[in-house]
Amino acid sequence: MIALEHVSKAFPGRGPEVRAVDDVSIAVGAGELVVLIGPSGSGKTTTMRMINRLETPTEGRITVNGRDVRDLNEVDLRRGIGYVIQQGGLFPHFTVADNVAVVPRLLGWSRQKRRARAHELLALVGLPPERFADRYPRQLSGGQQQRVGVARALAADPPIVLMDEPFGAVDPITRKGLQKELRRIQAEVQKTIVFVTHDIAEAFLLGDRIVLMADGRVVQDATPADLLRNPADPFVTAFIGEDRGLRGLQFTTLEELAEPAPGAATPGAMVLSGALSILDAGRELGRHGANGRHGTANGFWVADAGGNPTGYVSFQRFAATLGETVGASDADPGSADGGHGGVPA
Ligand SMILES: Nc1ncnc2c1ncn2[C@@H]1O[C@H](COP(=O)(O)OP(=O)(O)O)[C@@H](O)[C@H]1O
Ligand SMILES: [Mg+2]
């Protein structure tokens, strides 16, 4: 649905030009949620902004549904692409409902239709419209404002949504709630989403695919499980093993994560001690994966102190856990505020 082909973006600077994006090729399929992750300055935002033509590539081509975005009317293009940014970007003098209905208003929908749509979306993002529709942004918490930002991006039912660190400015517990909420919403509305973050846990939780960027280039483009199985280079390994955001994982051991062993360990299979924390196992996997030692395995064995295999952990399960355990708290402030019902993780 979205294709970037050898896209580069150079910003003219006073000194040498800044190559913010350097020969990036990414394809995003319909209904897919692709996460762009990388350190600050790695070119994530610029990549995203070229998709909805807020920036123009200096080289390469971007297509949406097979059509070069340069050939599309800018205004039409942006109507078909929802956009969520870090600080919500809400209009302070508009009510919540009017903020949600900004694009429908541009599209000339009737007042009644706009209001109905705003209410529907507020309910979808866990803000009961009868309580929130007529408030102003300043009367909402940061997390609630982000929910409004998501509702607004979905208002005109665009097939594509771009989200640039949408939950970056909220506290970790609220962020966890918003992430789970986004997963529920995505299961319901099935948009094609490009999601930027610098939080590896968020990437593992949300991404169908993760595109790792550094210095304007794509370092790796893989499913979460493949990223763990075969980290592309030491940069990926360092990123996976990094403490930031992953601290919660030092208290859960592989023993707790393992499922019953499907049989005897095959010779040469990877075996890790059940006493290892998930965090340490992530580091270990990074090292071994980089060596390509278990390049084709689906997971690894877990052994007791005597070295006897006691269970098995698939990479898929491991990746999902990396995403879910981090900062996990069932105390979702959204629901404390009467927001929404139980959200399946
Ligand atoms: N408008 C601009 N003019 C000059 N340099 C820019 C501009 N926008 C971004 N850059 C530079 O491009 C690089 C990538 O920025 P950005 O895409 O915002 O990275 P990220 O979103 O990954 O933090 C950075 O070095 C940044 O300073
Ligand atoms: Mg950015």
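None of the values given here were measured: they were computed from a predicted structure. (Residues numbered from 1 in each chain as written. Chains lettered and ligands numbered in written order. Predicted model: local features only at pLDDT ≥ 70, side-chain atom pairs only at ≥ 80, totals over all residues. Heavy atoms only, no water.)

A. Representation of the overall build of the chain. When you go through the chain residue by residue, the secondary structure sums to 15 helices and 14 strands. The contacts of the chain with a sequence gap of at least 6 include a subset with a gap of at least 24, amounting to 69%. In the structure as shown, the chain presents an accessible area of about 15300 Å², 50% of it carried by carbon and sulfur atoms. (Helix = DSSP H or I, 4+ residues; strand = E, 2+ residues; numbered from the N terminus. Contact = heavy atoms within 4.5 Å. Areas by Shrake-Rupley, 256 points an atom, 1.4 Å probe, with all protein chains shown as cover.)

B. Expanded view of the environment of Val21. Inspection of the secondary structure puts Val21 in strand β2 (residues 18-28). Look at Val21 and you get buried, because its relative accessible area is 0%. Ignoring anything within four residues of it in the chain, the contact list for Val21 reads Val7, Ser8, Lys9, Gly43, Thr46, Thr47, Met50 and Gly216. (Buried < 20%, exposed > 50% of the residue type's maximum accessible area, 1.4 Å probe, protein only.)

C. Summary view of the layout of surface pockets. Looking at the largest pocket, its volume works out to about 460 Å³. Forming the boundary of the largest pocket are 19 residues, of which Arg78, Ile81, Tyr83, Val102 and Val103 lie nearest the centre. Breaking the lining of the largest pocket down by element, the ones donating at least two residues are α2 (74-79), β6 (81-84), α4 (102-106) and α7 (142-154). With four residues, the top contributor of residues to the lining of the largest pocket is α2. Its residues assigned to classes, the lining of the largest pocket comprises twelve nonpolar, three polar and four charged. (1 Å grid on protein atoms, 1.4 Å probe; cavity = no way out; pocket = protein on both sides within 12 Å on 5 of 7 lines; lining within 4 Å. Points joined across faces, edges and corners; volume = space filled by probe spheres on them. Nonpolar A, V, L, I, M, F, W, Y, C, P; charged D, E, K, R; others polar.)

D. Seen up close, the site of ligand 1. The local shell around ligand 1 consists of Phe11, Val18, Ala20, Pro39, Ser40, Gly41, Ser42, Gly43, Lys44, Thr45 and Thr46. One of the backbone N or O atoms of Gly41 is found 2.7 Å from an oxygen atom in ligand 1. At a separation of 2.8 Å, an oxygen atom of ligand 1 approaches a polar side-chain atom of Lys44. Computed on the free molecule, ligand 1 has an accessible area of 570 Å², of which 61% lies beneath the protein chains in the complex. (Near = heavy atom within 4 Å. Polar contact = N/O pair within 3.5 Å; in protein donor to acceptor, adjacent residues only side chain to side chain.)

E. Layout of the side chain of Lys44. Mapped onto the secondary structure, Lys44 falls in helix α1 (residues 44-51). Buried Lys44, no salt bridge; nearest opposite-charge side chain is Glu165, N-O distance 4.3 Å. (Lys, Arg positive; Asp, Glu negative; His and termini not counted. Salt bridge = Lys/Arg side-chain N within 4 Å of Asp/Glu carboxyl O.)

F. Seen up close, empty space enclosed by the protein. Per the counting criterion, the structure on display carries three cavities of 30 Å³ or more. By volume, the largest cavity is sized at about 60 Å³. Considering the residues around the largest cavity, the lining is formed by Val125, Gln146, Arg147, Val150, Phe167, Leu178, Glu181, Leu182 and Ile185. Put simply, the parts of the chain that give the lining of the largest cavity at least two residues each are α7 and α8 (172-189). Considering every element that reaches the lining of the largest cavity, the biggest residue donor is α8, with four residues.

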